[in-house]
Amino acid sequence: MAPQLAPSILSFDFGDLRNPVCELMAAGVDWIHFDVMDGQFVPPITFGAQMAANLRPLGATPFEAHLMTETPDRHFEAFREAGCRRILFHPEATPHSHRLCESLRAMGVEPGVAINPGTPVETVFPLLGVVDIVLVMTVNPGWGGQEMIASALEKVRMLRAVAPHLHIEVDGGIDPLTLHLALSAGANVFVVGSYLARSPSIAAGVAALRAACA
Ligand code: DX5
Ligand code: ZN
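Note that this is a predicted model, so its numbers are computed, not measured.

Rules behind the numbers
- Residues numbered from 1 in each chain as written.
- Chains lettered and ligands numbered in written order.
- Predicted model: local features only at pLDDT ≥ 70, side-chain atom pairs only at ≥ 80, totals over all residues.
- Heavy atoms only, no water.
- Buried < 20%, exposed > 50% of the residue type's maximum accessible area, 1.4 Å probe, protein only.
- Helix = DSSP H or I, 4+ residues; strand = E, 2+ residues; numbered from the N terminus.
- Pairing = 2+ DSSP bridges.
- Right-handed = clockwise from strand over helix to strand, strands pointing away.
- Donors = N, O, S within 2.8 Å, 3.2 Å for Na, K, Ca; no water.
- Tetrahedral: all angles 85-135°; square planar, octahedral: opposite > 155°, others 65-115°.

## Let's talk about the pairing of strand β6 (residues 133-137)
At step 1: β6 sits mainly inside the fold: 5 of its 5 residues count as buried.
At step 2: Burial along β6 is two-sided: Ile133, Leu135 and Met137 and Val134 and Val136, pointing in opposite directions, are all buried.
At step 3: Bridging between strand β5 (residues 110-115) and β6 involves 4 bridges; their strand directions are parallel. Looking at β6, one finds that Val113 is bridged to Val134.
At step 4: Bridging between β6 and strand β7 (residues 167-171) involves 5 bridges; their strand directions are parallel. Paired with Val136 across the strands is Val170, a residue of β7.

See the structure below:
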């Protein structure tokens, strides 16, 4: 499966997101990843659907919302309306993951589930028929700039073994080196936050990540 880059806006200046989003789009990234934190499922609060709606007119690169929230379905319609093509939620936050994936599909949104480092990968096995993508968190959710938890890659390997055609996304601590490790484990979609924010330029950072995909 062709590797895809899905940079997160989390590590950029929230007072000036238009510029980095335009640069990401110009650099040809595959997705833009919105980290939505509600102060409940994870301690920090980031932003809601209005952020995606305001950035949506900047270009055609698809948006995905990563909902680190309790009661995730409460937010589905707003993020769909804001132009997110894909919505990922955490099965740890709801007893109704299967139904919520089906309801995203019925709304015309690609459904995805994201699992924390402490959640067994088997949690998503019953959902494989109703999701387009599984996100294996490679850090504990809530903050950018953490180091990758290497044991999460074992879950990627297990998932790839049972789901050869599934999009498997990794999120947390991704730079060119760890991207390569995750790619070797079977991941094909890479969320990148702080690495790009600290690169000399977004274009240079994206080029280094693309090179690591080769
Ligand atoms: C963490 C978020 C990640 C985060 C990744 O809770 O889900 O998307 O932005 O940032 P880095 O790449 O800095 O680990
Ligand atoms: Zn994320």
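## Some words on the pairing of β7
At step 1: The buried count for β7 comes to 4 of 5 residues, which makes it a mostly enclosed element.
At step 2: Of the crossover connections in this fold, the one passing from β6 over helix α5 (residues 152-162) to the parallel β7 is right-handed.
At step 3: Pairing between β7 and strand β8 (residues 189-192): 3 bridges, direction parallel. Looking across to β8, one finds that Asp171 is bridged to Val191.
At step 4: Taking the sense of rotation as the criterion, the β-α-β connection linking β7, helix α6 (residues 176-185) and β8 turns out right-handed.

## Observations concerning the coordination of the zinc ion (ligand 2)
At step 1: The zinc ion (ligand 2) binds to the protein through His33 (NE2), Asp35 (OD), His66 (ND1) and Asp171 (OD), with metal-donor distances spanning 2.0 to 2.3 Å.
At step 2: Classification of the site at the zinc ion (ligand 2) as octahedral follows from its 6 donor atoms and the range of 68 to 168° in their angles at the metal.
At step 3: Site description for the zinc ion (ligand 2): donor spacing in sequence, H-x1-D-x30-H-x104-D. Taken as a pair, His33 and Asp35 share a single burial class, namely buried.

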